[in-house]
Amino acid sequence: MRILVVGGGAREHALLWALHRDAPEATLFCLPGNAGTAQLATNLPGSATDIEAVTAAAKERAVDLVVVGPEAPLAAGLADRLRAEQIPVFGPSRAAARIESSKRFAKALMLEHGIPTAHAEVFTDRQRALQYLDRHPEPVVVKASGLAAGKGVVVCETRSQAKDVVTAMLAGSLGSAGSELLIEEYLEGEELSVLAVTDGEHFAMLPPAQDHKRIGDGDTGPNTGGMGAYCPVSIATPELLRRVASEVIEPAIRALAAIGAPYTGVLYAGLMIRPDGTPAVVEFNCRFGDPEAQAILAATPPGLLPVLRMVAEGGWMPTGTRFGAASRAAVTTVLAAEGYPNAPRTGARISIPPQVEASGDVLVFHAGTRREPDGSLVVAGGRVLAVTAVAGDIAVAAARSREAAEAITFEGRQFRRDIGYRELGRSRHLGIGDREQRTSGQESGDR
Ligand code: AMP
Ligand code: GLY
């Protein structure tokens, strides 16, 4: 079997790792990849968003399956183009990917189908937006409707800050992504990422994960693409997951099918679990989460590839397809470059002590890394490495992930030392070792 993974982040490295685990004999390619993916796959040159180049590479290498990591190529129609060439691809069509690429589209779909979400209004006119803000309670969330690589959402403490953000976005600070924006009600609660693999009709949920969006410990500072994640998450009880399945995932899949844009691939529901325990959608994504995928794949047993392949080949997932529970706990700590998220500085030399990678329970997934001709490893992007530790419980996994992150050095490195802190607070409260409580929710969450 020959598989091409499109993308070059730690999510793609983790996908390759999981595919290799399922099919050690498979020949793997990654476009464009990074220094880490080169250990498992042949990196192909080019850009993930160059649809023609990716399609040509898939044909030239005669691949049996393409797995698309990031949203941008999907929003640009990569899956449609590959399907037109009869190349099996795991990832939604351009029309279905609008659930991520247009927040206005996603919001309208949710409203129409009764999917719980924050109230929002859409604006393209500055004057109207500013007038609307005058009557809006604080805090308030301003969101660019289009894809903005994680920079399109600002949670504003005050109306005055929101007005500045609206003014900047409509003046083009995010290019065309911000020419249309949403002013959204602020939701209180705890975030949860629920990912479901779907063939357009049936679906199976992966064990949920929790991301850490802010750059600083204790959730301080600006939002990032994600500074760490863990899996499993004990707030994801079987009851909550049943609600998420019936109130969020299932209606979204039905709604897309009903408008002639059936969704195949992985549907990511970014949820806020409100203080009363009810879920509300913060966003949908049309792909695996990054860094959620690193923690989820490391925590779950093998078996992803057959399902991905079936969906990519246009088959139905057999009734009762499940990924099962997280069999272990995984914690991912992201190491980011100096200046990330605003102005990451590249070029610093990275040192990974051999004992970190030699430990079977620590997986160092690469993101923005590059191998220089002299063999040295250097920083080549904002998020650099996703250090994932696997253990019997979150406390041990979190400690190992943090220790391994600490041992890896490069100039200006930034990382959070508190990944999983909410879960650790809960397990302290419950008493560590209360495995039944900790893993509840993972048992019957899949459908
Ligand atoms: P998004 O790109 O839509 O996931 O938004 C990025 C982050 O902003 C989310 O993960 C939340 O932390 C935060 N956020 C977005 N929308 C809201 C909201 N309505 N209320 C509170 N926080 C939000
Ligand atoms: N970690 C958030 C995302 O993948 O969108």
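Described below are features of the structure shown in this document. Computed from a predicted structure; not experimentally measured.

Quick look at the overall build of the protein chain now. Secondary structure assignment for the protein chain yields 15 helices and 23 strands. For 447 residues, the compact-globule estimate of 2.2 N^0.38 gives 22 Å, and the protein chain sits close to it at 21 Å. Principal axes of the C-alpha set define a box for the protein chain whose edges measure 60 × 50 × 45 Å. Relative to its full complement of 447 residues, the protein chain shows a buried share of 57%.

Next up on the list: the pairing of strand 16 (residues 265-273). Of all nine residues that make up strand 16, nine are buried, and the element is covered over most of its length. One ladder, built from nine bridges, connects strand 10 (residues 190-198) with strand 16; its direction is antiparallel. Paired with V194 across the strands is A269, a residue of strand 16. Relative to strand 17 (residues 279-285), strand 16 runs antiparallel, the two sharing six bridges. By the bridge assignment, G270 is partnered in strand 17 with E283.

Let us look at the site of ligand 1. In the vicinity of ligand 1 there are 16 residues, among which E184, L187, E191, K213 and E283 approach most closely. Protein burial of ligand 1: of its 470 Å² of free accessible surface, 91% is covered by the chains. Among the elements of the structure, strand 7 (140-144), strand 8 (153-156), strand 9 (181-185) and strand 17 are those that each provide at least two residues to the shell around ligand 1. Class assignment for the residues of the shell around ligand 1 results in eight nonpolar, one polar and seven charged.

On to the pairing of strand 15 (residues 228-231), then. Along strand 15, one buried face is formed by G228 and Y230 and the opposite face, lined by A229 and C231, is buried too. Note that strand 12 (residues 210-211) and strand 15 share two bridges and pair antiparallel. If you follow Q210 over to strand 15, its bridge partner there is Y230. Taken together, the four bridges between strand 15 and strand 18 (residues 329-336) define a ladder with antiparallel strand orientation. Across the sheet, residue G228 finds its bridge partner in strand 18, namely T333.

Once that is clear, we can look at the sheet that holds strand 23 (residues 383-391). What the five strands build is an open sheet, ordered 12-15-18-23-20; its pairing is antiparallel. Looking at which strands have only one partner, the edges of the open sheet turn out to be strand 12 and strand 20 (362-366). Contacts from helix 10 (residues 292-299) reach strand 12, strand 15, strand 18, strand 20 and strand 23 within the one sheet, and its direction differs from that of strand 15 by about 25 degrees. Across the face of the sheet, helix 13 (residues 394-407) comes into contact with strand 15, strand 18, strand 20 and strand 23 while running at roughly 25 degrees to strand 18.

For the rest of this paragraph, the subject is the site of ligand 2. Taken together, the residues surrounding ligand 2 are D211, K213, G225, Y268, N285, R287, G289, D290, P291 and E292. Between a nitrogen atom of ligand 2 and a main-chain N or O atom of D290, the distance comes to 2.8 Å. Between ligand 2 and the protein, one listed contact pairs a nitrogen atom with a side-chain N or O atom of E292 at 2.8 Å. Burial of ligand 2 by the protein amounts to 92% of the accessible area it has alone, namely 200 Å². Of the residues belonging to the shell around ligand 2, the class tally is two nonpolar, three polar and five charged.

Moving on: the packing of helix 1 (residues 10-22) against helix 11 (residues 304-312). Across the interface, helix 1 lies against helix 11 with an axial gap of 8 Å and an inter-helix angle of 105 degrees. With respect to their mutual orientation, helix 1 and helix 11 come out roughly perpendicular. Facing helix 1, whose interface residues are L15, L19 and D22, helix 11 presents L304, L305, P306 and L308. Taken together, the residues that form the contact of helix 1 with helix 11 break down as six nonpolar, no polar and one charged.

Where helix 1 contacts helix 10, the axes come no closer than 8 Å and their chain directions differ by 20 degrees. Taken together, the axis directions place helix 1 and helix 10 in an arrangement best described as roughly parallel. Helix 1 and helix 10 meet at a crossing whose hand is left-handed. Only A293, Q294, L297 and A298 of helix 10 make contact with helix 1, whose side of the interface consists of A10, R11, A14, L15, W17, A18 and R21. A class-by-class count of the residues in the contact of helix 1 with helix 10 yields eight nonpolar, one polar and two charged.

Cis geometry is adopted by the peptide bond preceding P139, which originates at E138 and carries an omega value of -10 degrees. Along the chain, P139 turns up in the loop between helix 7 (126-134) and strand 7. Note that the residue after C231, namely P232, is joined by a cis bond; omega there is 0 degrees. Among the secondary structure elements, P232 is positioned in the loop between strand 15 and helix 9 (238-258). With phi around 50 degrees, A62 is a residue other than glycine that occupies positive phi space. Tracing the chain through its elements places A62 in the loop between helix 2 (51-60) and strand 4 (65-68).

Analysis parameters
- Residues numbered from 1 in each chain as written.
- Chains lettered and ligands numbered in written order.
- Predicted model: local features only at pLDDT ≥ 70, side-chain atom pairs only at ≥ 80, totals over all residues.
- Heavy atoms only, no water.
- Helix = DSSP H or I, 4+ residues; strand = E, 2+ residues; numbered from the N terminus.
- Rg over C-alpha atoms; globule rule 2.2 N^0.38 Å.
- Buried < 20%, exposed > 50% of the residue type's maximum accessible area, 1.4 Å probe, protein only.
- Pairing = 2+ DSSP bridges.
- Near = heavy atom within 4 Å.
- Areas by Shrake-Rupley, 256 points an atom, 1.4 Å probe, with all protein chains shown as cover.
- Nonpolar A, V, L, I, M, F, W, Y, C, P; charged D, E, K, R; others polar.
- Contact = heavy atoms within 4.5 Å.
- Axes fitted to C-alpha atoms, helices over the stretch in contact; angles between N-to-C directions.
- Polar contact = N/O pair within 3.5 Å; in protein donor to acceptor, adjacent residues only side chain to side chain.
- Parallel < 35°, antiparallel > 145°, perpendicular 65-115°, else oblique.
- Left-handed = near helix turned anticlockwise from the far one by under 90°.

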